[in-house]
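Chain by chain, the residues run as shown.
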Amino acid sequence: GDIIFGSDNGSGGTAEYLTIDGGINVVKFSKKALFLDNVEATFGGNTDLRIAHDGTDSNINNYQGDLVIRNHFDDGDIKFYSDDSTGGLTEYMRVDGGEERVVFNKWTRHVDNARILVGTGGDLQIYHDGTRGYITNTSGALWLQTSDFRVYKGDGSERMIQADDDGAVILYHDGDSRLSTTSTGIDVTGTGTFSGNVDINSDGGQ
């Protein structure tokens, strides 16, 4: 048997609000449950998980073990939304169960000395120390794979290095091309200064 709690439904009739269901051994809520400010909803024998609103902020506190969020729906996602600065909501991050990846829809900011670690051992590190930026690889080679490669001055105003797919690699000084590779060798614009010996071999071996 059940114990059923009913009350006015707001329009002159009655409605079921809460049922203690003896058949399936659960307590069922048929209407919203309202927890006033600073009244916690607690879970666990020692109230280790606590959810409450303090009048300003909403808080989820866990005092024992890990806090685990699982979505068991096949190919389902876990989505994180927040204000979009115009009064609406927008998705900032998604754990995509269909694509098996984490998708970021907005910028991420890592403060000074907070490192991005890539690899099981964190061998590739990207960070800024407050003065300069670092890309550090501590194991194996660092490979950059791209069709065309460009290195610019920090404000984007001047090109420093250029490498084209199946083409030239060009070094710049103050925005001007000074040394470029060609299919037969190199081209130098300006004066070449050498501190050591220069060996020049022509087709005749001289």
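Residues numbered from 1 in each chain as written. Predicted model: local features only at pLDDT ≥ 70, side-chain atom pairs only at ≥ 80, totals over all residues. Heavy atoms only, no water.

1. Topic: the environment of Ser-195
Mapped onto the secondary structure, Ser-195 falls in the segment after strand 17 (186-188). The exposure class assigned to Ser-195 is exposed, which follows from its relative accessible area of 85%. The spacing of Ser-195 and Ile-20 is 175 residues in sequence and 91 Å in space, taken between C-alpha atoms. (Helix = DSSP H or I, 4+ residues; strand = E, 2+ residues; numbered from the N terminus. Buried < 20%, exposed > 50% of the residue type's maximum accessible area, 1.4 Å probe, protein only.)

2. Quick notes on the packing of aromatic side chains
One pass over the full model with this rule turns up one aromatic pair. Pairing Tyr-127 with Tyr-134 gives two aromatic rings, centres 4.9 Å apart and planes at 15°, and the pair type is stacked. Over the ring of Tyr-63 we find Arg-50, and its NZ or CZ is 4.3 Å from the ring centre. In this arrangement the basic side chain of Arg-115 is found over the ring face of Tyr-127, its NZ or CZ atom lying 3.8 Å from the centre. (Phe/Tyr/Trp six-rings, centres within 6.5 Å; stacked < 30°, edge-to-face > 60°. Lys NZ or Arg CZ within 6 Å of the ring centre and 35° of its normal.)

3. With respect to the pattern of salt bridges
One pass over the full model with this rule turns up six salt bridges. Put simply, Arg-94 and Glu-91 hold a salt bridge, and the shortest N to O gap is 2.5 Å. Side by side, Arg-94 and Glu-91 carry an identical accessibility label, which is buried. The residue Asp-96 makes a salt bridge to Arg-94 at a minimum N-O spacing of 3.2 Å. Take Asp-96: its relative accessible area is 10%, and that puts it in the buried class. Sharing partners across several salt bridges, the network here consists of Asp-77, Glu-91, Arg-94 and Asp-96. (Salt bridge = Lys/Arg side-chain N within 4 Å of Asp/Glu carboxyl O.)

4. Some details on the sheet that holds strand 8 (residues 89-96)
Reading across the sheet, the three strands line up as 7-8-9 and stay open at both edges, with antiparallel pairing between neighbours. Strand pairing shows two members of the sheet lacking a second neighbour, strand 7 (77-83) and strand 9 (101-104), which therefore form its edges. Pairwise comparison of adjacent strand axes, ignoring direction, gives a mean angle of 20° for this sheet. Pairing between strand 8 and strand 9: four bridges, direction antiparallel. Bridge pairing in strand 9 places Asp-96 opposite Arg-101. (Pairing = 2+ DSSP bridges. Axes fitted to C-alpha atoms, helices over the stretch in contact; angles between N-to-C directions.)

Structural measurements only, silent on function.
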